[in-house]
Amino acid sequence: MAKMATSLVETGEDAFRKIFKLYKRKNPPPDFCEVIDFSKCGTNEKIVPVKLNPALVSDEDAAKVGLHPVKDWRAFNLQGYPGFIFITNPFIRGSQPFWIRQCLKIYPQKPNVCNLDMHMSTTDTQDIWAKSVPNLSCTSVRKREPRTLLERLRWVTLGYHYNWNSKTYSSNHYTQFPAELQLLSCQVATACGFPGFNAEAGILNYYRSDSSLGIHVDESELDHSRPLLSFSFGQSAIFLLGGTQRQDAPIAMYMHSGDLMVMSGQSRLLYHAVPRIVQADQDVAALGIDHWNWQGSAGVEQVSEKDWAVCSKYIHNSRINITVRQVFGEGHSSPETPHLPGQKKEDQTEEKPLKRRCISDQLPTKVFI
Ligand code: OGA
Ligand code: MN
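Reference entry: report on the structure contained in this document. (Residues numbered from 1 in each chain as written. Chains lettered and ligands numbered in written order. Predicted model: local features only at pLDDT ≥ 70, side-chain atom pairs only at ≥ 80, totals over all residues. Heavy atoms only, no water.)

Below, the discussion takes up unusual backbone geometry. The peptide bond linking N27 to P28 adopts the cis configuration, its omega dihedral lying at -5°. Each neighbour pair has its own omega, and for K110 with P111 the value is 15°, a cis peptide bond. Here P111 lies in the loop between α4 (96-106) and β4 (113-114). (Helix = DSSP H or I, 4+ residues; strand = E, 2+ residues; numbered from the N terminus.)

Laid out in structure tokens, this is it:
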């Protein structure tokens, strides 16, 4: 029988790493029976249903960005993780395709920054979507190397661009944060009790079926009193939430398409990781574009059949994660004249180090051409 996470390790040195490796393991696959599934919400004393205040966001505002009325959201806290909120897919049926399309077609566009920029010219990464559409495949990546640019996309940064070398947000490298994503983030943050949230930076992660995201803490944002929002689309994933120390054993949970996670308060600076992508139970292509009566507001619009055909092919074996962060505290100057609080305005070179890993793929053991 496959080993279960809790029998594998007690809290102690490298507890997180051991559990990370367990869930990442291909052969033999781990036992998933201890993984919390909020969408099934089995009886578990750790899961605490929480009622969000529906008066904070109007039903009309929620609908503008494709969300159900807050009164219908199913939200949960986790015992022992204050400030952690999990909301199972609050998206109106038919609205997820819009966000998926934005992540694949719009957000990778210049002036946003992506992993492909590191080894390609701006002209080569100019229109990832158009260059990829003719050759996009839905075959499992385990069987071959990803061919198209879209399949090789691993991250995109928005707003204050995250600098992977200095491991900081560059206060002098800001491009306009997408208005509709700012609006979506605001509604979610407000519903969770964080009015006035300012979506200043976004990191989009693109996972193939064998990708994982290493153990890290998101601490480079300067105002940790602001929540970190996370949106999941496409294939499911196992998310590990640990403690403030590397050696604290993490708890495992599924993230399915449409699920939201809010890390705030004491949970804002906890270690976490994504060891594994798992095939979704539901057919994500069946998310469909024809179920929602679009109001045509806030730039949120119906996705064309043609675009959805590409998106559904992509998410057939991939997961997209959007994390939205407020980098600076309240009262920070406008993005045109950014500066780091506590520093002189002209001093924009000093940067705060951060331990954050980016997505890695397992190299295929065998390559079939
Ligand atoms: C991150 C992160 C988790 C996920 O981008 O910092 O932790 O669900 N993402 O992909
Ligand atoms: Mn993170």
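Once the structure has been displayed, the description carries forward.
Before going further, it helps to spend a moment on the coordination of the manganese ion (ligand 2). Only H216 (NE2), D218 (OD) and H272 (NE2) from the protein reach the manganese ion (ligand 2) as donors, at distances of 2.0 to 2.2 Å. Motif for the manganese ion (ligand 2), donor spacing along one chain: H-x1-D-x53-H. Placement of D218 in the loop between β8 (211-216) and β9 (228-234) and of H272 in strand β13 (residues 272-278) is noted, with a sequence separation of 54 residues between them. An identical accessibility class is assigned to D218 and H272; each is buried. (Donors = N, O, S within 2.8 Å, 3.2 Å for Na, K, Ca; no water. Buried < 20%, exposed > 50% of the residue type's maximum accessible area, 1.4 Å probe, protein only.)

Rolled over the atoms, a probe as big as a water molecule pinpoints where empty space is left. In this model, the second largest pocket occupies a volume close to 360 Å³. N89, Q96, H256, S257 and Q282 are the residues nearest the centre of the second largest pocket, which is lined by 24 residues in total. Residues of the lining of the second largest pocket, tallied by class, amount to six nonpolar, 12 polar and six charged. (1 Å grid on protein atoms, 1.4 Å probe; cavity = no way out; pocket = protein on both sides within 12 Å on 5 of 7 lines; lining within 4 Å. Points joined across faces, edges and corners; volume = space filled by probe spheres on them. Nonpolar A, V, L, I, M, F, W, Y, C, P; charged D, E, K, R; others polar.)

One recurring pattern in soluble globular proteins: nonpolar side chains tend to sit buried together. Formed by 58 residues in total, the largest nonpolar core has its most connected members in W99 and F231. Those residues within four positions of F231 in sequence are excluded, and the remaining contacts are F91, L184, S185, V188, D259, L260, I320, N321, I322 and V324. F38, L228, M261 and I359 belong to the second largest nonpolar core, which has 23 residues in total. (Core = buried A, V, L, I, M, F, W, Y, C linked by side-chain atoms within 4.5 Å. Contact = heavy atoms within 4.5 Å.)

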